[in-house]
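Working through the structure, step by step
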Amino acid sequence: MTQVAKIIYTITDEAPALATYSFLPIVEAFSKPANVVIETRDISLSGRILAVFSEYLTDEQKVSDDLAYLGALATAPDANIIKLPNVSASMPQLTAAISELQEKGYKIPSYPEEPVTDEEKVAKAKYDKIKGSAVNPVLREGNSDRRAPKAVKEYARKHPHSMGAWSADSKSHVATMSEGDFYGSEKSVVVEKATSVKITFVGADGSEKILKEKTALKDGEIIDSSVMSLSKLKSFLAKEVADAKEKDLLFSIHLKATMMKVSDPILFGAAVSVYFKDVFEKHAAVFDQLNVNPNNGVGDLLIKLESLDAAKKAEILADIDAVYAKNPALAMVNSDKGITNLHVPSDVIIDASMPAAIRTSGQMWGPDGKGKDTKYVIPDRCYSGIYQVVIDFCKKNGALNPVTMGSVSNVGLMAQAAEEYGSHDKTFQMSAAGKVVVTDESGVVLMEQAVEAGDIFRMCQTKDLPIQDWVKLAVNRAKATGTPAIFWLDKNRAHDAQIIAKVNKYLLNHDTAGLDIRIMTPMEATQFSLERIVQGLDTISVTGNVLRDYNTDLFPILEVGTSAKMLSIVPLMNGGGLFETGAGGSAPKHVQQFLEEGYLRWDSLGEFLALAPSYEHLSNTFGNPKAQVLADTLDEATGKFLDNDKSPARKVGQIDNRGSHFYLALYWAQALAAQDKDAELKAIFTPIAAELTANEAKIDAELIGSQGKPQDTGGYYKPDFEKASAAMRPSATFNAILAKI
Ligand SMILES: NC(=O)C1=CN([C@@H]2O[C@H](COP(=O)(O)OP(=O)(O)OC[C@H]3O[C@@H](n4cnc5c(N)ncnc54)[C@H](OP(=O)(O)O)[C@@H]3O)[C@@H](O)[C@H]2O)C=CC1
Ligand SMILES: O=C(O)CCC(=O)C(=O)O
Ligand SMILES: [Mg+2]
């Protein structure tokens, strides 16, 4: 164990990174008198790019590989990490970040789309590792416990967010495949003893190609394989495009192209190429020349058209317009700017996009900027059914009511890259027909899947110790709350059947007398939880990694308006603590608003909620009672913050993120001044609280006064520290008081 009681605060991207310029100085100031050191580690997209391309940089430009450091730390017993959301980059985000860094004088290579030289091949491999959800799987050496704290739930009951009314004859629905998907093809095996497996493609002509030489497996590990048929996917999509047109619905597709960085961009690209079939067929030669890849969306296509001569460009744009006229209208991401659901693969991320639509009467926005019933295309059947159950429930019972509804918390199996979210290095698109074979060390065939050219083969791993830990966490939460805990598992899925056997086995290790623990299919569990929710009753959802992600946006967005207000704890399996903030992402829309209007809507409640258990954990691991005082007073301050409604509003002239930080600091200092557990902290914070209280109106005026004009942070993916700090800390009075601590 190291001697210094240390919390690592992560530097990330977009809105949470901006918030950090204002909030971190407060955290540092309040921690210092309690002998708690706050260190930062940069896991932003730009930081991660620079860390792995050192050889292209000058000595001054080189940075340390903080993600590697944190990955190792996460397995240490004294780890204490506050993890803010970071960008899980899609291709368009990655290329934008690379360009920004190049413009700033970093001589890193561009993304080699078609690498030829060895150097290009290495660069592409490095970028592909940075792409997508590259941070969370590294840090998540534990399972997840996410819930809306009582104070947050009470706040929502007192200040209910808007909920769009539901009509019984809403035509909105989920469209999902009936065959040829991952669900339909899944095979699963448990290896009793540690071994390693090889994944090989065997062509119809008998030729062999090793897809992955070696994947190490531990005792009792579950492995699965499944296939998405590209031809069945495309015919399904074509049928749904036609059906949306006939039923006069908006067409939308909901995927997780960030976290599922290999498979889902291909699914997204299939939707783009099916919807815009006429354009892609007619202009195939030009698109080939321009390196157009439908997986990167229409946005990327439009950028590439810029390099054509005016006549050719006009012709293609006219053909695109003809497609819009012929096909159903697309759901919009931003109707003012003409950005559709098919523009950017990372603009529509299922965990946030589906609940947002359900909250808005089951509608999305059409090209005319008006809400309209929508077809929600979620190709694979594994989890799509839960959203249809919620839609049916709202059609029958009307919108849920935040004032009276209960809560669905989550205990999620996540540790050690569990299930689909760890499958990237074992996911491949097939270039020819044949079969994919998974063999163990002794050459025994464990699984075999038939494939056609274009199909996606995927293998997942789920380790046994994380499953044991997850079952334990579920039992502990059920005991602590007296609430039913439902395992969302479908015995008809090969993978889930293996998990069910392990759950039944490991539940026997615990005293479950008097607890209500059940196993239901995801669709049954959704129905059961909703029936309870409308009676004001709580239910724990105990789920695998994907449903952990989906449920921790779905229920919070309906219950408390946003997943930003979630407590999100990851008890690391080796004893450390990872405290994630909220359950949502990096809210790119908020950055745009800040740059244009000087108003930052990001709600840091997730950061406040994460920090308290982090201090508490630190107090326990390092025997530092002052840290416990910080935790208790921070909780008190957060309660008062909610009572007094000091979260950011939405518009210029009202309190924003920076104002919310001031109020938290004010209430925190007041709570530290009022407590009697630690005389030293009381003495330090009494004058600070008095000064903050006396200057409340002045500070508030300085903060509000800075709003309403464009801001310069010196960069999007790599802001300039001085400029961003100045923009985020505009109250000289507040800064001067903080400096006195
Ligand atoms: N843990 C992580 O690291 C995660 C990272 N991401 C990444 O975030 C980026 C954007 O993803 P996206 O799906 O758009 O998700 P976001 O959560 O960033 O945005 C969706 C919407 O959620 C609301 N929201 C989320 N957090 C807050 C907050 N703290 N305060 C106020 N509102 C909030 C806003 O909604 P409204 O406008 O309705 O108020 C926002 O526009 C992607 O790059 C993605 O990879 C996504 C999820 C998790
Ligand atoms: O890692 C990511 O890309 C997103 C994570 C996420 O959405 C979640 O854990 O809720
Ligand atoms: Mg999520």
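Values in this document were obtained by computation on a predicted structure and should not be read as measured data.

1. Considering the coordination of the magnesium ion (ligand 3)
Note on metal geometry: ideal angles are 109.5 degrees for four donors arranged tetrahedrally and 90 or 180 degrees for six donors arranged octahedrally. Each protein donor to the magnesium ion (ligand 3) is listed here as Asp351 (OD) and Asp549 (OD); together their distances run 1.9 to 2.1 Å. Here Asp351 is found in helix α15 (residues 350-359), whereas its partner Asp549 is found in helix α20 (residues 545-560), with 198 residues between them in sequence. Asp351 sits in the buried class, given a relative accessible area of 6%.

2. Topic: unusual backbone geometry
With a phi angle near 55°, Asp248 is a residue other than glycine that sits in the positive phi range. Looking at the element boundaries, Asp248 is found in the loop between α9 (230-247) and β10 (250-253). Even without glycine at this site, Ser361 takes up a positive phi of about 60°. Secondary-structure assignment places Ser361 in the loop between α15 and β13 (363-365).

3. Some thoughts on the sheet that holds strand β16 (residues 427-429)
The antiparallel open sheet is built from four strands, whose spatial order is β6-β9-β19-β16. Only two strands of the sheet have a single partner each, and these edge strands are β6 (187-191) and β16. Neighbouring strand axes in the sheet, compared pairwise and without regard to direction, differ in orientation by 15° on average. For β6 and strand β9 (residues 221-228), the ladder comprises five bridges, and the chain directions are antiparallel. Bridge pairing in β9 places Lys187 opposite Ser225.

4. Side note on the sheet that holds strand β21 (residues 517-520)
With mixed pairing, the 10 strands of this open sheet are ordered in space as β2-β1-β3-β24-β23-β4-β15-β22-β20-β21. Each end of this open sheet is capped by a strand with a single partner; those strands are β2 (37-42) and β21. Here the strands of the sheet are splayed against their neighbours by 20° on average, with no regard to which way each runs. Bridge analysis of strand β4 (residues 144-147) against strand β23 (residues 567-571) gives three bridges, and the strand direction is antiparallel. Along β23, the bridge assignment pairs Asp145 with Ile569.

5. A few points about the site of ligand 1
Taken together, 22 residues form the shell around ligand 1, and within it Gly585, Ser586, Ala587, Arg601 and Asp603 come nearest. The contact in question runs from an oxygen atom of ligand 1 to an N or O atom on the backbone of Ser88, over 3.2 Å. Side-chain polar atom of Gln93 to an oxygen atom of ligand 1: 3.3 Å apart, as the coordinates give it. Computed on the free molecule, ligand 1 has an accessible area of 880 Å², of which 83% lies beneath the protein chains in the complex. No other element matches helix α21 (residues 588-597), which puts three residues into the shell around ligand 1. In terms of residue class, the shell around ligand 1 is built from eight nonpolar, 10 polar and four charged.

6. Examining the pattern of salt bridges
Tallied over the entire structure, the rule returns 49 salt bridges. Among the salt bridges present, the one from Arg493 reaches Glu186, with a minimum N-O distance of 2.9 Å. One end of the pair, Arg493, is in the loop between β20 (485-488) and α18 (494-507); the other, Glu186, is in the loop between α8 (182-185) and β6, and 307 residues separate them in sequence. Several salt bridges converge on common partners, so that one network encompasses Lys239, Glu240, Asp243, Lys247 and Lys375.

7. Looking at the site of ligand 2
Around ligand 2, the neighbouring residues are Ser88, Ser133, Asn136, Arg140, Arg146, Lys256, Met259, Asp351, Arg548, Asp549 and Ala583. Between an oxygen atom of ligand 2 and a side-chain N or O atom of Arg140, the distance comes to 2.8 Å. At 3.0 Å from an oxygen atom of ligand 2 is found a side-chain nitrogen or oxygen belonging to Asp351. For ligand 2, whose accessible area on its own is 300 Å², the fraction buried by protein is 89%. Split into classes, the residues belonging to the shell around ligand 2 amount to two nonpolar, three polar and six charged.

8. As for the UniProt feature "binding site: Mg(2+)" (unreviewed entry) in the protein
Here, the residues flagged by UniProt with the feature "binding site: Mg(2+)" (unreviewed entry) are Asp351, Asp549 and Asp553. In summary, the annotated positions, though distributed over 203 residues, converge in three dimensions, the widest C-alpha pair being only 6.9 Å. The residues contacting Asp549, other than those within four sequence positions of it, are Lys256, Met259, Asp351 and Tyr421. Mapped onto the elements of the fold, Asp553 is located in helix α20. We classify Asp553 as buried; its relative accessible area is 2%. Look past the residues within four positions of Asp553 in its chain and what remains in contact with it is Asp351, Ala352, Pro355, Ser563, Ala583 and Gly584.

Rules used throughout
Residues numbered from 1 in each chain as written. Chains lettered and ligands numbered in written order. Predicted model: local features only at pLDDT ≥ 70, side-chain atom pairs only at ≥ 80, totals over all residues. Heavy atoms only, no water. Donors = N, O, S within 2.8 Å, 3.2 Å for Na, K, Ca; no water. Helix = DSSP H or I, 4+ residues; strand = E, 2+ residues; numbered from the N terminus. Buried < 20%, exposed > 50% of the residue type's maximum accessible area, 1.4 Å probe, protein only. Pairing = 2+ DSSP bridges. Axes fitted to C-alpha atoms, helices over the stretch in contact; angles between N-to-C directions. Near = heavy atom within 4 Å. Polar contact = N/O pair within 3.5 Å; in protein donor to acceptor, adjacent residues only side chain to side chain. Areas by Shrake-Rupley, 256 points an atom, 1.4 Å probe, with all protein chains shown as cover. Nonpolar A, V, L, I, M, F, W, Y, C, P; charged D, E, K, R; others polar. Salt bridge = Lys/Arg side-chain N within 4 Å of Asp/Glu carboxyl O. UniProt positions renumbered as here; feature names shortened; annotations may be inferred. Contact = heavy atoms within 4.5 Å.

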